[in-house]
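Coordinate inspection notes
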Amino acid sequence: MQAAKLQTAQVFSFHGGIHPPENKTQSLQLPLGKPSLPNELILPLGQHIGQSSRPLVKVGDKVLKGETIAINNGFLSSFLHAPTSGTIAAIEERLIAHPSGLSDLCIILAPDGNETWTPLEPLDNWQDISKTDVLAYLSEMGIIGMGGAGFPTQVKLQGAHKNPLTHFIINAAECEPYITADDMLIREKTLELVLGIEILQHLVEADNIVIGIEDNKPTAIAALKAILSERNSQIQIAVVPTKYPSGGEKQLIQLLTGKEVPSGQYPADIGVLCQNVGTCVAVHDAITLGKPLISRFTTLTGDALKAPQNVEVLFGTPVAHLLEYADFEPKKLSRLIMGGPMMGYTLDSAAVPIVKTSNCILAASKKELPAPAPEQACIRCGMCEQACPASLLPQQLLWFSKSQEFEKAEHHNLFDCIECGACSYVCPSSIPLVQYYRHSKSSIREAREANVKSDLAKQRFEARKARQDAEAAEKEAKRLARQKASSNKATDKKKAAPEKAAPTAAAAPATTDESKKLKVDIAIGKSKLKKLQKQLLEAQENEHVEEINNLQLQVTDQEKAIASLEEQLAQMTSAAPDAPATNTAKASPAPVSDELKKAKVDVALIGVKLKKLQKQLVETPDDQELKDKVSAFETDLKAAQDTVSKLSESTQASTNTAAAEPKAAISDELKKLKIDAAIAKAAVKKVEKALKKAEEINAPEIEAIRQQLQEAQQRADELEKTLANPEAAAPKAAPVKAEPETNVDADAAKKRKIDLAIAKAGIKKAEKNIQLLKEQGKDEAEINASEWPSKLKEAQDKLAGLEKEQASEATAPSVATVTSAPIATANIDADAAKKRKIDLAIAKAGIKKAEKNIQLLKDQGKDESEIEASEWPKKLIEAQQKLAALEAEESTSATSVSTPVEKTAANSEAKVEPEMDLATQIKKEKIAVALAKAQINKLNKRLESSPEEADNIKQEIVATEQRLQSAETLLEKLIHSQTNMQENR
Amino acid sequence: MALLRITSPHTQRAGRRTSWVMQMVILATIPGIVVQTWLFGWGTLINLMIACITALLSEAAILAVRRRAVGFFLKDYSALLTAVLLGVALPPVVPWWVTVTAVAFAIIFAKQLYGGLGNNPFNPAMVGYAIVLVSFPVPMSQWLGVQSMIPAGETLSFMQSLQAIFHHLPVIDSYTMATPLDGFKHKDLLDSQAAFSSIAALQGPSLNSWLWVNAAYLVGGLGLIWLRIITWHTPAALLGALLVMAGVFHLFDPSNTATPFFQLTTGAAMFGAFFIATDPVSSCTSNRGRLIYGAGIGILIYIIRSWGGYPDGVAFGVLLMNFSAPLIDYYTQPRTYGHKKAKTGLKVGEDN
């Protein structure tokens, strides 16, 4: 029954295919050859698909035939064995048989000619032991797919267990022209083949076992049939018609099962396993004989060989050796191909070795395989389409490949191309289609890899950013802890400094030991804190509310612990450095300034922190917690600033006593103080910004923020005051040296200018805010109720104060130094004059602004009375007065400037002064006139826009006109008197 | 050892080059040419000579202008094939300048200006034919009649043909006759039966002459299919569609329409099906696509013949389907091995 079944395996068909000249008879004329041992065997470590094997031997090692010389390197890898006994001559890069023509690491074996086998251990109990053990054994025997790809057999067999196997197909089709190695193998080792198939069937347990063989191998078919019927085997033979590429795995599966391997999947996915006949024989040899895979059948053929034949060849045998064996005619050789003419690749050199997958060496003459004809245009004849076994549209793929439209090529299933070469074979225009497809495929793969890479890089970048953010947050938290501790430290130290007047020198080492310990504790605590903070951060990111609270508690506990530790440490360390410090009077300012530095750093840090919080506050204005924090920080800041000011006072004190170093110290102090002031001001600005934003969104916290602003401004004021104090002290401390003093004064002047500018900026801001409020349509009353106008006034007062201060300052140094360094004072005076001019300009700008505001109010249609009620007109008048004052001041200062320069012109002074007065008066009047004119203009405009108030406005116009007239007459008079005066002179 | 290094495959089907393909198509027209010459005199051969010379000259000239290898491209026989197809398609006594215009336009404009062989979206021969058909309708409608039907009672001699083509033949009117399609087109109000019994062009000898011509081209076309130069899809679809159209309309309205057999054996039905519609460059690529393409031409031929302004519609049918060939191609991709169904359209970015 079975014998009858054996003959009738159904054969299906596949699309396309070609019938190239077979050229198989040449190599079947001679019996199987056994070439002699070459001088050396070159054994590449990567003969299979997957990771290269790892060599087990060293150069100089003696190995026996069949001994393992390299083991697998990972899952998808294989073993390698010594094909003969001998010595390892080298492990080095050699040219290998690969389409790339590149070199690879090879073990070079020098045979000793004895062919001494290592003890063979066949796996006789393969039917009893577990299948995994058998697979492992196969792996150790170095068995890989002999068909061409070289896929490790044990991996393929493992994969076959994915689905229940319906078909176990033995590929004996050998469809490529010229190659007869499998044909010869079947003829020579029929029984071994069948036994090998049976072993594999035991491992995979397929429903059907089919040997697929092309009908051009009648001898092999007959031999197989004889053996199978003799053994009454369940193995079927399916004789398929000769058609290239029926030996392709997918095509053979289609031929024998009628099923197609889904694109992108493996035969195992549809319950099919394919094994090459060579693999089956190798499995048999390994299991029943214990022989590892060390040799194979290879076809030597081509017109350049006089004795084409099949040989059983040891791996590593150089191709040149085999060519020699087959009576090779070098003159005839034009193309040396490893593999068949359809899918083989050309070899650069005959020095490359035979490897496990080398099934054919084709030494072709020029006549046999002529150089390809020149490529012509594709006429889309469709012959390629008729030949394609994958049912692709090769002509379309060519079009897309040529125009680099890779997306379209992919859409036309470029990656289902098996590169069999049928299309190129039939192309009447000699287009190397497969080359185009290979190029497109590799371009697409490259692009994909680049995509993956860029994705990875993006991920890495994002991870890094997240990490950095987390680190920054951590640092912030640390800073907070440190600042708390150090602010305590600073106060402690100050106390400690005077108390510990004379500590013994012996105490120092003990304290350092203890401090070390403390430091370690702190470090540990900090690392714990870090961890907790990280967790907290994660929890916040993931929005685990309960965790956040819990962690927050832990974090604060940890921070407190660290703070207390640090306090202790601070006490320790403060004791240590103060001991030597008290010994010398000179050294004393150093630690104090250190303290000061620290305190200032703290101030800066708190400032930064405050900024951040304020930012947050702006983003989430309803967060009560944040607000609390902000206020806490502000108190901190104040405290820190207090310490700074105290410290700086103390430094001043110290500078008073110590005459030598004070100047440098003072200037340092000044610098620092200035920085502090700047920071405080920045904080003020921030708060103001926040306020603005809050106003914009009409947030309810405006008042709170305003308070903050006020506080911040106060702080800034305080700082400025403290800044002013040491300056006042400084000149007193060193009255002798005039030149450096002027420098200090110059510094002070500069600073003051900065202050002024800032104050003015503050005014501007206040005005802007008021403006904003107005734009928001707030009632004038509301605006008045808000503290902005008052603030504005304050700021303006301050400005005035500062300006006065500066003026007095400017005169003071000039008075002090007038005798000793007139040139310097002159410079300072010039500076002062410049500054004053700037002030004037600013004041004028202020006036303009006030006017604008009034104008705005009017535009908004407010009644005149309302406008009068608002403080703007008043302010305008004030500003004008101030301007006048400033101008007057300028004139006086100008005179004071002129005094040192023109010492002799004492009497001219009297003349100049009234002249200046007159000039300023004229100016003023001019301004008044201009203002009045502007007023009239405005009123006229209003008259146009609101005729119902016409009477009122007209009256006003008349009034202003009168004012204008009087101002003009005054102006005229003044100009007249001025000209008179000039004439008099 | 200077070894050749190229990638696989290393072998090619011997002999079957593009030039061979073109030569085979030219050879396959020989039965038709012989029958046409036998029926209508030397004019066809003279036309062929003029067309071939014009084609080679214009191809050489335009290749030279385009700085291409003149010899290499002339040897692909594609220009000659265009000339031959045009030469047999034009009426036998058409003035020489009509032939020259048609061929030169086909080679220069319809083929080379698009980039030469393989890049022309339209069938060059049919572009040339359509141009002269539209431009010079009078000489283009001047077909000769069979010997037994015309007043002269004989076919034109060689010299007469030359004279007719290059100069002017006063007696030409006694040799010309309407083609059956022309005759049927202008049957006016006659019903089919009356037309077939009264109109000269629809009498037996005239119909038979065109039957012979079509049979000759059918033989040539079958030879091409046997040589696997063309596939059966396009001609079968074309003729099938024409048959179905003619059959259906004849069934519904036998008094006003001609039989399917008449439709298939007159005019350029066979010539168009096997030699024009199968031009690979401008037609569809996949087998399914070719079926649609061929059927489209068949339907258009029937429509133009029945309701259009011209007696025959092969040229316009082919040109119209040339337009839609790329679209058809996008929607008729074959199902690739390992895929459940064929992809259609050009949705880029879907699964592969």
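Residues numbered from 1 in each chain as written. Chains lettered and ligands numbered in written order. Predicted model: local features only at pLDDT ≥ 70, side-chain atom pairs only at ≥ 80, totals over all residues. Heavy atoms only, no water.

Taking an unreviewed UniProt entry as the reference, chain B is identified by name as Ion-translocating oxidoreductase complex subunit D belonging to Marinomonas foliarum. Looking at chain B in UniProt, the text filed under Sequence similarities (unreviewed entry) is "Belongs to the NqrB/RnfD family." (UniProt positions renumbered as here; feature names shortened; annotations may be inferred.)

Going by an unreviewed UniProt entry, chain A carries the name Ion-translocating oxidoreductase complex subunit C and comes from Marinomonas foliarum. In the Subunit (unreviewed entry) part of its UniProt record, chain A is described as follows: "The complex is composed of six subunits: RnfA, RnfB, RnfC, RnfD, RnfE and RnfG."

Here's the deal with the UniProt feature "binding site: [4Fe-4S] cluster 1" (unreviewed entry) in chain A
Within the UniProt annotation, "binding site: [4Fe-4S] cluster 1" (unreviewed entry) is assigned to Cys378(A), Cys381(A), Cys384(A) and Cys427(A). Across 50 residues, the annotated set stays spatially compact, with a maximum C-alpha separation of 10.6 Å. Mapped onto the elements of the fold, Cys384(A) is located in helix 10 (residues 383-387). Among all residues touching Cys384(A), those that are not within four sequence positions of it are Pro394(A), Gln395(A), Cys423(A), Val426(A) and Leu433(A). Relative to the helices and strands, Cys427(A) is located in the loop between helix 13 (422-426) and helix 14 (433-499). Sequence-distant contacts of Cys427(A), defined by excluding residues within four places in its chain, comprise Leu433(A), Gln12(B), Arg16(B) and Arg17(B). (Helix = DSSP H or I, 4+ residues; strand = E, 2+ residues; numbered from the N terminus. Contact = heavy atoms within 4.5 Å.)

So, the interface of chain A and chain B
Each partner contributes residues to the interface: chain A has 72 residues there, and chain B has 49 residues. For the pair chain A and chain B, the summed buried area comes to about 5200 Å², and 52% of that belongs to carbon and sulfur atoms. When the buried area of chain A at its contact with chain B is split by residue, Ile379(A), Arg380(A) and His411(A) rank highest and sum to 14% of it. Where chain A touches chain B, the interface holds 2 salt bridges. The salt bridge partner of Asp329(B) is Arg380(A), with a shortest N-O separation of 3.4 Å. Where the side of chain A that touches chain B is concerned, the elements lending two or more residues are helix 7 (249-257), strand 14 (333-338), strand 15 (345-346), helix 10, helix 11 (394-402), helix 12 (406-411), helix 13 and helix 14 of chain A. The greatest single-element share of the side of chain A that touches chain B, amounting to 5 residues, is contributed by strand 14 of chain A. Of the residues assigned to the side of chain A that touches chain B, the class counts are 34 nonpolar, 24 polar and 14 charged. (Buried area = accessible area lost by both parts, 1.4 Å probe. Salt bridge = Lys/Arg side-chain N within 4 Å of Asp/Glu carboxyl O. Nonpolar A, V, L, I, M, F, W, Y, C, P; charged D, E, K, R; others polar.)

Thoughts on the UniProt feature "modified residue: FMN phosphoryl threonine" (unreviewed entry) in chain B
All names here are of chain B. Per the UniProt entry, the sites bearing "modified residue: FMN phosphoryl threonine" (unreviewed entry) are Thr179 in this numbering. Looking at where Thr179 falls in the secondary structure, it is placed in the loop between helix 9 (158-166) and helix 10 (180-185). The contacts of Thr179, once residues within four sequence positions are left out, are Trp143, Ala201 and Trp210.

Here we look at the pairing of strand 16 (residues 360-365) of chain A
Residue and element names in this part refer to chain A. Within strand 16, 6 of the 6 residues are buried, which leaves the element mostly enclosed by the surrounding structure. Of the two faces of strand 16, both are covered, the one formed by Cys360, Leu362 and Ala364 as well as the one formed by Ile361, Ala363 and Ser365. Here strand 12 (residues 295-301) pairs with strand 16 via 3 bridges, running parallel. Among the inter-strand pairings, Thr299 is bridged to a residue of strand 16, identified as Cys360. (Buried < 20%, exposed > 50% of the residue type's maximum accessible area, 1.4 Å probe, protein only. Pairing = 2+ DSSP bridges.)

Some words on the pairing of strand 4 (residues 68-71) of chain A
Residue and element names in this part refer to chain A. Where strand 2 (residues 54-55) meets strand 4, 2 bridges bridge the pair, whose relative direction is antiparallel. Residue pairing for strand 4: Pro55 is matched across the bridge by Ala70. Across 2 bridges, the pairing between strand 4 and strand 5 (residues 80-81) is antiparallel. Across the sheet, Thr68 pairs through a bridge with His81, a residue of strand 5.

A short note on a nonpolar patch on the surface
Residue and element names in this part refer to chain B. A contiguous nonpolar patch, built from Val244, Val248, Leu251 and Phe252 and spanning about 470 Å² of accessible area, is present on the exposed surface. With respect to the helices and strands, the residue Val248 is situated in helix 13 (residues 233-252). For Val248, a relative accessible area of 36% gives the class partly exposed. (Patch = residues over 30% accessible without salt bridge, like charges linked within 9 Å, V, L, I, M, F, W, Y side chains within 5 Å. Areas by Shrake-Rupley, 256 points an atom, 1.4 Å probe, with all protein chains shown as cover.)

Notes on the sheet that holds strand 16 of chain A
All names here are of chain A. Sheet architecture is open: 5 strands sit in the order 13-12-16-14-15, paired in mixed fashion. The two strands at the open ends of the sheet, each matched to only one other strand, are strand 13 (309-314) and strand 15. Across 6 bridges, the pairing between strand 12 and strand 13 is antiparallel. Paired with Arg296 across the bridge in strand 13 is Val313.

A word on the UniProt feature "transmembrane region" (unreviewed entry) in chain B
Residues and elements named next belong to chain B. Per the UniProt record, "transmembrane region" (unreviewed entry) is annotated on residues 20-39, 45-65, 72-90, 126-144, 210-229, 258-278, 290-308 and 314-332. Regarding residues 45-65, the helix share stands at 100% and the strand share at 0%, and the terminal C-alpha atoms are separated by 30 Å. Across residues 290-308, the secondary structure splits into 95% helix and 0% strand, with the terminal C-alpha atoms separated by 24 Å.

Quick look at the sheet that holds strand 2 of chain A
The strand order across the open sheet built from 3 strands is 2-4-5 (chain A), with neighbouring strands paired in antiparallel fashion. One side of each edge strand has no neighbouring strand; the edge strands of this open sheet are strand 2 and strand 5 of chain A.

Re the pattern of salt bridges
Residue and element names in this part refer to chain A. Following the criterion strictly, the structure yields 22 salt bridges over all chains and no others. Between Glu40 and Arg94 there is a salt bridge, with its nearest N and O atoms 2.9 Å apart. Residue Glu40 is found in the loop between helix 1 (2-6) and strand 1 (41-44), and its partner Arg94 is found in strand 6 (residues 86-95); the two are separated by 54 residues along the sequence. Judged by its relative accessible area of 22%, Arg94 falls in the partly exposed class. A salt bridge links Lys441 to Glu419; the nearest nitrogen and oxygen atoms lie 3.0 Å apart.

Topic: the packing of aromatic side chains
The geometry of an aromatic ring pair is captured by two quantities: the separation of the ring centres and the angle between the planes. With the rule as written, the count across this model stands at 21 aromatic pairs over all chains. When the centroid spacing of 5.8 Å and the interplanar angle of 40 degrees are considered together, the rings of Phe40(B) and Trp210(B) count as tilted. Here the residue Phe40(B) occupies a position in helix 2 (residues 30-40), and Trp210(B) occupies one in helix 12 (residues 204-226), the gap between them amounting to 170 residues. We note that Phe40(B), like Trp210(B), is buried. Ring geometry for Trp143(B) against Trp210(B): centres 5.1 Å apart, planes inclined by 70 degrees, an arrangement best described as edge-to-face. Note that Trp143(B) is positioned in the loop between helix 8 (137-140) and helix 9 and Trp210(B) in helix 12, a separation of 67 residues in sequence. Note on Trp210(B): relative accessible area 9%, which makes it buried. An aromatic cluster is built from Phe40(B), Trp143(B) and Trp210(B), whose rings are joined through pairwise contacts. Residue placement shows Lys243(A) over the ring face of Phe14(A); its charged tip is 4.4 Å from the ring centre. (Phe/Tyr/Trp six-rings, centres within 6.5 Å; stacked < 30°, edge-to-face > 60°. Lys NZ or Arg CZ within 6 Å of the ring centre and 35° of its normal.)

Some remarks on unusual backbone geometry
Along the chain, Tyr244(A) connects to Pro245(A) via a cis peptide bond; the corresponding omega equals -5 degrees. In this fold, Pro245(A) is placed in the loop between strand 10 (236-240) and helix 7. Put simply, Ser8(B) and Pro9(B) share a cis peptide bond, and its omega is -5 degrees. By the secondary structure assignment, Pro9(B) is in the segment before helix 1 (18-28). Here the phi dihedral of Glu115(A) falls at roughly 55 degrees; this positive angle occurs in a residue that is not glycine. Along the chain, the position of Glu115(A) falls in the loop between strand 7 (103-111) and helix 2 (131-140). Non-glycine residue Tyr178(A) carries a positive phi angle of around 75 degrees.

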